Structures are given as C-alpha cells and as structure tokens.
Amino acid sequence: MTPCLHLTGSIICRKFTLIMNMPNKLTLARIILSPIFMSFFLVDNAYSRIFGFLLYIFAALTDLFDGHYARKYGIVTGFGKFMDPLADKILVSSAFIGLVAMGYARAWMIVLIIARDFYVTGLRSLAAYRGTVIPASSMAKLKTVMQMTVISFIMLIITMDSLFQIYPSPLSSLLQFDRQLVYDIIMGIVTILTVYTGFDYTFKYYSMIKNVLK
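Residues numbered from 1 in each chain as written. Predicted model: local features only at pLDDT ≥ 70, side-chain atom pairs only at ≥ 80, totals over all residues. Heavy atoms only, no water.

**Observations regarding the environment of Ile 134**
Then comes step 1: Here Ile 134 is to be found in the loop between helix H5 (107-129) and helix H6 (138-166).
Then comes step 2: Among residues more than four places away in sequence, those in contact with Ile 134 are Leu 123, Arg 124, Ala 127, Tyr 201, Tyr 205 and Met 208. (Helix = DSSP H or I, 4+ residues; strand = E, 2+ residues; numbered from the N terminus. Contact = heavy atoms within 4.5 Å.)

**Concerning the packing of H6 against helix H7 (residues 179-204)**
Then comes step 1: At a minimum axis distance of 9 Å, the contact between H6 and H7 shows a crossing angle of 160°. Relative to H7, the element H6 is oriented roughly antiparallel. Regarding H6 and H7, the two cross each other, and that crossing is left-handed. Contacts between H6 and H7 involve Met 139, Ala 140, Leu 142, Lys 143, Met 146, Gln 147, Val 150, Phe 153, Ile 154, Ile 157 and Asp 161 on the former and, on the latter, Arg 179, Val 182, Tyr 183, Ile 186, Met 187, Ile 189, Val 190, Leu 193, Thr 194, Tyr 196, Thr 197 and Tyr 201.
Then comes step 2: Here the residues of the contact of H6 with H7 sort into 17 nonpolar, three polar and three charged. (Axes fitted to C-alpha atoms, helices over the stretch in contact; angles between N-to-C directions. Parallel < 35°, antiparallel > 145°, perpendicular 65-115°, else oblique. Left-handed = near helix turned anticlockwise from the far one by under 90°. Nonpolar A, V, L, I, M, F, W, Y, C, P; charged D, E, K, R; others polar.)

**Some details on a nonpolar patch on the surface**
Then comes step 1: On the surface, a cluster of nonpolar side chains totalling about 350 Å² of accessible area is made up of Ile 32, Ile 36, Phe 40 and Phe 51.
Then comes step 2: In terms of residue count, the dominant contributor to the nonpolar patch is helix H2 (residues 22-41) (three residues).
Then comes step 3: With respect to the helices and strands, the residue Ile 36 is situated in helix H2.
Then comes step 4: For Ile 36, a relative accessible area of 35% corresponds to the partly exposed category. (Patch = residues over 30% accessible without salt bridge, like charges linked within 9 Å, V, L, I, M, F, W, Y side chains within 5 Å. Areas by Shrake-Rupley, 256 points an atom, 1.4 Å probe, with all protein chains shown as cover. Salt bridge = Lys/Arg side-chain N within 4 Å of Asp/Glu carboxyl O. Buried < 20%, exposed > 50% of the residue type's maximum accessible area, 1.4 Å probe, protein only.)

By themselves, these observations are geometric and do not establish any function.
Shown next, in the form of structure tokens:
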C-alpha cells in the first residue's frame, strides 16, 4: 500500500470512528428497533406485546442516554444533530401508525403529526445543503417527550389488557374507563403541540426558506 493510500485510509477510519461514537450508535439502534418493536406489538398475543412494549421502552430510553452521553463527554457531532431528531421521528411515527392500525389513534391526528415531521426533516435537509445544522428546539424536545410518554401510556394499557385476558386480576378494574376519550384528549394535546413546533421552525428559519424559494 502506498503512503498516500495508507494516509487516506487512516483519515477515513478516524472520521468513521468519530461518527460512530456511542451516542450515534444509540441513535442508529433506535432507528433499527422502530419496525421491530411494532412488528411484535401488532401481534394479538400478550407475550408478543409485552416484548414489543419493552423494546419500545428501551428504544425510547436511548434518546435520553445518547444526548446525556454526548453532552457529558463533549462528542456532539453534525451527524448526531441531524440523525437524532430523525431517529425520534422514525420511532414515534412507527408507533403512531401501529396505533392507528389497531384502532387506538385517530388517523387525521397522525397524518398531521407525520406531515409536520416530514416538513421539518425537509427543512433540515435544506439547511444541511446550505451548510447549516438545525438543532432540535426546546419546544421540539418537549414535544418528543410528550409523544413518547403518550405512546408509552397507550401501549401499556393495551399490554395490560392483553395480559389480564390470560391472567385475570382485580387490577383489571383499573382499566375500566372511557379509553377512547382519554386517548383522544391526550393525542389531541400532542397533535396541537407538534403542529405548533412546525410553525415555530418556519418562523425561525423563514428567511432561509424565502431565499431558497426565490
């Protein structure tokens, strides 16, 4: 191997090592787990749903760990800033689509949420093309936390309901409430917050959007 090729290979290796740090590995794990957890959760079986629910919780927790780890050790990268919000969108969208398929979420709410996510991802891609990274705003981070919390709550209720069908328990009385009304209320709040953050990004980066559309 010539010195030039050896040097080029070393540079590429170092860049790859920098990109594939622990936070970014967790981010990629969240993307990979998104279709897997929902595949298990959609199966009408208590054990499959428990496993799918646990996979979702693990995937959601990686969002906390990768950000904390990156800030603690000062290894924030442009790749992480772009991919971390995208991984959240993939995870959340997979869960919401699954809940619509199961009849626990309103399709029109999920359409608004996913449309907003596609729009913001487009803005980030546009900004990246212009050499700018758009980080997640504080409101967008709150939105993600609320989305994951609501999904966790609904999935937990579904899992418990499936489990009590196999193993009857007095605790099943806790599930005797108007679930669809509760789901609609909390999903409505999440939808409003999600759409609001889309407008927030538009106002913040309006000048960039305007210049591109000229």
